[in-house]
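Structure at a glance
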Amino acid sequence: MCWSATADLVAGTGIAAVGVASVALALRRPRDLPLAALPLLLGVHQIVEAAVWSNGGGTGPATVAWAVIALPLLALWVPAAVLCAAPPRARRRLLVPLVAGAATAAALAHALATRTVTAEIRGHTVGYSLGLPQAELVVVGYLLATIGSLLLSGDRGLVLFGLLVGFGAAVSLVLWRQEYISTWCAFAAVCSVVLLFWVRRGGIPARRHDLG
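Residues numbered from 1 in each chain as written. Predicted model: local features only at pLDDT ≥ 70, side-chain atom pairs only at ≥ 80, totals over all residues. Heavy atoms only, no water.

Attention shifts here to the overall build of the chain. When helices and strands are tallied, the chain shows 9 helices and 2 strands. N-terminal to C-terminal, the α/β element order of the chain is α-α-α-α-α-β-β-α-α-α-α. Here the C-alpha radius of gyration of the chain, 17 Å, is about what a compact globule of 212 residues would show, namely 17 Å. Referenced to the eigenvectors of the C-alpha coordinate spread, the extents of the chain come out at roughly 50 × 35 × 30 Å. (Helix = DSSP H or I, 4+ residues; strand = E, 2+ residues; numbered from the N terminus. Rg over C-alpha atoms; globule rule 2.2 N^0.38 Å.)

Under the 1.5 Å per step criterion, the end-to-end length of helix 3 (residues 38-54) is 25 Å for 17 residues, consistent within 8% with the ideal 24 Å. Here helix 3 lies mainly inside the structure; 12 of its 17 residues are buried. Restricting attention to buried positions, one finds in helix 3 the residues Leu38, Pro39, Leu41, Leu42, Gly43, His45, Gln46, Val48, Glu49, Ala50, Val52 and Trp53. Glycine 56, located one to two residues past helix 3, shows a positive phi value of around 75°. (Expected span 1.5 Å × (residues − 1). Buried < 20%, exposed > 50% of the residue type's maximum accessible area, 1.4 Å probe, protein only.)

Moving on to the packing of helix 4 (residues 61-85) against helix 5 (residues 88-114). Following both chains from N to C, one finds helix 4 and helix 5 inclined at 165°, their axes separated by 8 Å at the closest point. With respect to helix 5, the axis of helix 4 lies roughly antiparallel. Along this stretch, helix 4 crosses helix 5, giving a crossing that reads as left-handed. Residues Ala67, Val68, Leu71, Pro72, Ala75, Leu76, Pro79, Ala80, Val82, Leu83 and Cys84 of helix 4 touch helix 5, and the partners they reach there are Arg91, Leu94, Leu95, Pro97, Leu98, Gly101, Ala102, Thr104, Ala105, Leu108, Ala109 and Leu112. A per-class count over the contact of helix 4 with helix 5 returns 20 nonpolar, 2 polar and 1 charged. (Axes fitted to C-alpha atoms, helices over the stretch in contact; angles between N-to-C directions. Parallel < 35°, antiparallel > 145°, perpendicular 65-115°, else oblique. Left-handed = near helix turned anticlockwise from the far one by under 90°. Contact = heavy atoms within 4.5 Å. Nonpolar A, V, L, I, M, F, W, Y, C, P; charged D, E, K, R; others polar.)

Okay, the confidence of the model for the chain next. Residues of the chain with pLDDT of at least 70 account for 91%, and the chain-wide mean is 88. Note that residues 208-212 has pLDDT below 50 and, in this model, 16 contacts with residues that lie over four places away or in other chains. (pLDDT = per-residue confidence, 0-100.)

Right, let's get into the nonpolar core. Residues Leu38, Trp66, Leu74 and Trp198 are the most contacted members of the largest nonpolar core, which totals 53 residues. Counting residues per element, this core draws most heavily on helix 4, at 13 residues. Those residues within four positions of leucine 38 in sequence are excluded, and the remaining contacts are Leu74, Trp77, Val78, Phe161 and Leu195. (Core = buried A, V, L, I, M, F, W, Y, C linked by side-chain atoms within 4.5 Å.)

The residue aspartate 8 is located in helix 1 (residues 5-26) in this model. Buried and without a salt bridge, aspartate 8 has arginine 122 as its closest oppositely charged side chain, separated by 14 Å. For aspartate 8, the side chain forms a polar contact with the side chain of glutamine 46, separated by 2.6 Å. Looking at aspartate 8, its side chain comes within polar contact range of the side chain of tryptophan 53, at 3.0 Å. (Lys, Arg positive; Asp, Glu negative; His and termini not counted. Salt bridge = Lys/Arg side-chain N within 4 Å of Asp/Glu carboxyl O. Polar contact = N/O pair within 3.5 Å; in protein donor to acceptor, adjacent residues only side chain to side chain.)

For strand 1 (residues 118-122) and strand 2 (residues 125-129), the ladder comprises 5 bridges, and the chain directions are antiparallel. The residue bridging alanine 119 from the neighbouring strand is tyrosine 128, located in strand 2. If you look at the hairpin formed by strand 1 and strand 2, you'll find 2 residues sitting between the two strands, and glycine 123 has a positive phi there, around 65°. (Pairing = 2+ DSSP bridges.)

What follows deals with unusual backbone geometry. One non-glycine residue, glutamine 134, adopts positive backbone phi at about 50°. Note that glutamine 134 resides in the loop between strand 2 and helix 6 (135-151).

Below, the structure is given as structure tokens:
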């Protein structure tokens, strides 16, 4: 992903289709729907980035839409979705990433409302700039909210997804430091197809043995 508008469009369409199938399977278990819908959201996110490519980057509506999904929306969506799907005994520990996600989402939403987000085409990647104050603290909160909630879920499938996303975050940071956000989001979108298999096997039954 992130190599061109066509790559983002094709990948986004495929991942969104997986998300539609995942949502259809989860309709009988409403508590699993937010997680089941994550591939759909990430697929749409890649399609939005295809529009960013087509516009040559810049500060237009596609760039803003991409940033809104990538930053405040996902920071809150992922921990809230994990908490929704989790059995009662796991919910207390999942409040930590949820609170981190809410605080991070609030900070990112404020930044998007008061600053200008810019996209720049850099070869085969897209770099986004927002000029966040205390960016390191925001990144820590974001990682705790997203990866942390998956790892603390106690469910093997979600822990696997969290490990894959965490690996993608590390690789993206090392290889594409300036384009980190874009490449990591693309990696997470591809990995989210794991959630289709998670939904097919029944999500997190309340009686399932907890990992931690």
